[in-house]
Amino acid sequence: MAGYAAHREEAAALVKAHHGKLIVFDHTSSGKGKGIESNLATAVKHADIVIVMLHAVSHETANKAIAHAKDFHKLVATSNINSPLSIEDAIKRALNREPVYQQSSHVVE
């Protein structure tokens, strides 16, 4: 997952509910040797599904994450709001090979 590091526990619980393991790319650790989460290409390479949190990353990082996912033949989707339901929708879209981008309209409280 690119972005969403501030909500890591919530995202980890959601991914775990789908029998997965969360890898969050954190640009603040880039180049500091903190494992696969410090390098975007490496994080994407080790992922089965790539979810890009558009509201939490720069345009450049989002484009790079999606490009890496396509280069490594990974399932990929985006979420444009901070909502567990939106992340679940993105996971579903990725698994079903639906469009990468889809506007979310969930109300976030």
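In this report, the structure presented in the accompanying data block is examined. (Residues numbered from 1 in each chain as written. Predicted model: local features only at pLDDT ≥ 70, side-chain atom pairs only at ≥ 80, totals over all residues. Heavy atoms only, no water.)

**Quick notes on helix 3 (residues 59–71)**
Owing to its 3.6 residues per turn, the α-helix aligns residues three or four sequence positions apart on the same side.
Link 1 in the chain: For helix 3, which comprises 13 residues, the first-to-last C-alpha distance of 18 Å matches the rise-based estimate of 18 Å (1.5 Å per residue) to within 8%.
Link 2 in the chain: When helix 3 is considered as a whole, its buried residues turn out to be T61, A62, A65, I66 and A69. In a view along the axis of helix 3, the buried residues occupy a sector of 130°, so they form one face of it. Set apart from the buried face of helix 3 by more than 90 degrees, the exposed residues are H59, E60, K70 and D71.
Link 3 in the chain: Contacts made by the buried residues of helix 3 are with helix 2 (40–45), strand 1 (49–53) and strand 2 (75–79). (Helix = DSSP H or I, 4+ residues; strand = E, 2+ residues; numbered from the N terminus. Expected span 1.5 Å × (residues − 1). Buried < 20%, exposed > 50% of the residue type's maximum accessible area, 1.4 Å probe, protein only. Arc of directions from axis to C-beta. Contact = heavy atoms within 4.5 Å.)

**Describing the pattern of salt bridges**
Link 1 in the chain: One pass over the full model with this rule turns up one salt bridge.
Link 2 in the chain: In this structure, K64 engages E60 in a salt bridge whose closest nitrogen and oxygen atoms are separated by 3.1 Å. Of this pair, K64 and E60 are both found in helix 3, four residues apart, which corresponds to roughly one turn of the helix.
Link 3 in the chain: For K64, a relative accessible area of 43% translates into the label partly exposed.
Link 4 in the chain: For E60, a relative accessible area of 51% puts it in the exposed group. (Salt bridge = Lys/Arg side-chain N within 4 Å of Asp/Glu carboxyl O.)

**Concerning unusual backbone geometry**
Link 1 in the chain: Notably, H73 is not glycine yet its phi reads approximately 55°, a positive angle.
Link 2 in the chain: Even without a glycine there, the phi angle at R97 is positive, about 55°.
Link 3 in the chain: Mapped onto the fold, R97 is located in the segment after helix 4 (84–95).

**So, the environment of K70**
Link 1 in the chain: Among the structural elements, K70 can be located in helix 3.
Link 2 in the chain: For K70, a relative accessible area of 51% puts it in the exposed group.
Link 3 in the chain: The spacing of K70 and V50 is 20 residues in sequence and 9.8 Å in space, taken between C-alpha atoms.

**Points about the nonpolar core**
Link 1 in the chain: Core analysis: the biggest nonpolar cluster contains 13 residues, and L40, V44, V50, V52, I66, A69 and V76 have the highest contact counts within it.
Link 2 in the chain: If you list the elements that add at least two residues to this core, you get helix 2, strand 1 and helix 3.
Link 3 in the chain: The dominant element in this core, judged by the number of residues it contributes, is helix 3, at four residues.
Link 4 in the chain: Counting nine residues, the second-largest nonpolar core is a separate cluster that includes L14, M53, A90 and A94. (Core = buried A, V, L, I, M, F, W, Y, C linked by side-chain atoms within 4.5 Å.)

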